[in-house]
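The chain contents come next:
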There are 2 protein chains.
Amino acid sequence: MTDLNQTFAALSDTTRRAIVARLAEGEAPLAKVAAPFQMSLTAVSKHVRVLSDAGLVSVTKRGRTRYCRIEASPMREAVNWLNDYQRFWDHQLEALGEFLQDENEDV
Amino acid sequence: MTDLNQTFAALSDTTRRAIVARLAEGEAPLAKVAAPFQMSLTAVSKHVRVLSDAGLVSVTKRGRTRYCRIEASPMREAVNWLNDYQRFWDHQLEALGEFLQDENEDV
DNA sequence: ATAATAGTCAACCAATAAGTTCACAAATGG
DNA sequence: CCATTTGTGAACTTATTGGTTGACTATTAT
């Protein structure tokens with residue numbers, strides 16, 4: 001699997017995006033990360049594993065606690081990929097595109 | 001499934017990103033979209049369906065031909081989400097973060 | 001009318017994902 | 001030493017994904 005596959009797949013889950021959002025506020029032990037969710041700790045642990053396999057999060061063991069922190073560099077690649085299509089998702093340029101297309105329809 | 005789930009999931013596949021890249025060059029009939037891939041037309045058709053369900057591609061039937069075009073507005077939401085973490089994936093700020101952390105380690 | 005083109009639909013398969021539970025390990029606290 | 005906290009690992013279930021093939025529909029070309 002390519003890095004981009006892994007990055008986008010990791011971000012395609014609500015729980016995992018919430019974990020990223022949580023970790024953006026600062027490092028946190030897994031138990032604290034898991035607290036807001038209804039699912040089992042094991043399930044959250046798996047989500048963190050997916051994020052860490054994708055390189056979006058790193059986990060450091062100190063004592064019996066695993067501290068999770070955001071490690072967002074793969075996001076940069078994702079954004080880079082998306083930026084290649086900026087002309088499609090940019091509002092103003094999209095309006096320009098529609099204008100040009102309307103012009104063409106007259107021909 | 002949320003829009004973001006769908007958008008990120010749609011982009012988490014190499015074939016589908018290649019399709020998006022192809023369509024960025026302009027509208028194309030499904031057969032042309034499928035041509036570069038080894039898999040069956042049915043499989044490509046399914047990928048296009050995933051992209052179209054996610055709103056990233058629209059399909060218009062003219063005659064017996066289905067024309068596919070990029071429809072990238074959902075990408076905007078994805079980029080918006082990622083931008084919330086820009087400070088993590090931005091190169092220079094990341095370097096700053098490491099600097100600050102090194103400072104802390106002295107304490 | 002017939003044949004070729006463009007594509008869908010349904011059925012199926014193998015692999016992966018997301019969750020569960022239970023048993024266990026390893027560190028900390030009394 | 002013993003209990004508690006903080007997780008991991010294995011086994012299992014259910015649903016989804018990505019692919020196949022074969023039959024079919026609809027449009028165009030001869």
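Just above, that's the structure.
Reading guide: rules and limits
Residues numbered from 1 in each chain as written. Chains lettered and ligands numbered in written order. Predicted model: local features only at pLDDT ≥ 70, side-chain atom pairs only at ≥ 80, totals over all residues. Heavy atoms only, no water. Pairing = 2+ DSSP bridges. Helix = DSSP H or I, 4+ residues; strand = E, 2+ residues; numbered from the N terminus. Contact = heavy atoms within 4.5 Å. Axes fitted to C-alpha atoms, helices over the stretch in contact; angles between N-to-C directions. Near = heavy atom within 4 Å. Polar contact = N/O pair within 3.5 Å; in protein donor to acceptor, adjacent residues only side chain to side chain. Nonpolar A, V, L, I, M, F, W, Y, C, P; charged D, E, K, R; others polar. Salt bridge = Lys/Arg side-chain N within 4 Å of Asp/Glu carboxyl O. Buried < 20%, exposed > 50% of the residue type's maximum accessible area, 1.4 Å probe, protein only.

### Observations regarding the sheet that holds strand β3 (residues 65-70) of chain B
Residues and elements named next belong to chain B.
Okay, step 1: In space, the three strands of this open sheet follow the order β1-β3-β2, with antiparallel pairing throughout. Whereas interior strands pair on both sides, the edge strands pair on one side only; in this sheet they are β1 (28-29) and β2 (57-62).
Okay, step 2: Against the sheet, helix α2 (residues 14-24) contacts β1, β2 and β3, and its axis sits at roughly 90° relative to β3.

### What to know about the protein's contact with DNA strand D
Okay, step 1: As a matter of local geometry, DNA strand D sits amid 21 residues, with Ser 45 and Arg 66 of chain A together with Ser 40, Lys 46 and His 47 of chain B nearest to it.
Okay, step 2: Backbone sugar and phosphate groups make up 70% of those atoms of DNA strand D lying within 4 Å of the protein.
Okay, step 3: Contact distances for DNA strand D include 2.9 Å between a phosphate oxygen and a side-chain N or O atom of Arg 16 of chain B.
Okay, step 4: For the surface near DNA strand D, the elements supplying multiple residues, two or more each, are α3 (30-34), α4 (41-53) and β3 (65-70) of chain A together with α4 (41-53) of chain B.
Okay, step 5: Partitioned by chemical class, the residues of the surface near DNA strand D number six nonpolar, seven polar and eight charged.

### Quick word on the pattern of salt bridges
All names here are of chain A.
Okay, step 1: Applying the stated criterion to the full structure yields two salt bridges over all chains.
Okay, step 2: Between Arg 62 and Glu 27 there is a salt bridge, and its shortest N-O distance comes to 3.3 Å. Of the two residues, Arg 62 is situated in strand β2 (residues 57-62) and Glu 27 in the loop between α2 (14-24) and β1 (28-29); the sequence distance between them amounts to 35 residues.
Okay, step 3: Taking the relative accessible area as the measure of exposure, Arg 62 reaches 43% and is therefore partly exposed.

Fair warning: the whole summary comes from geometry, so function is off the table for now.
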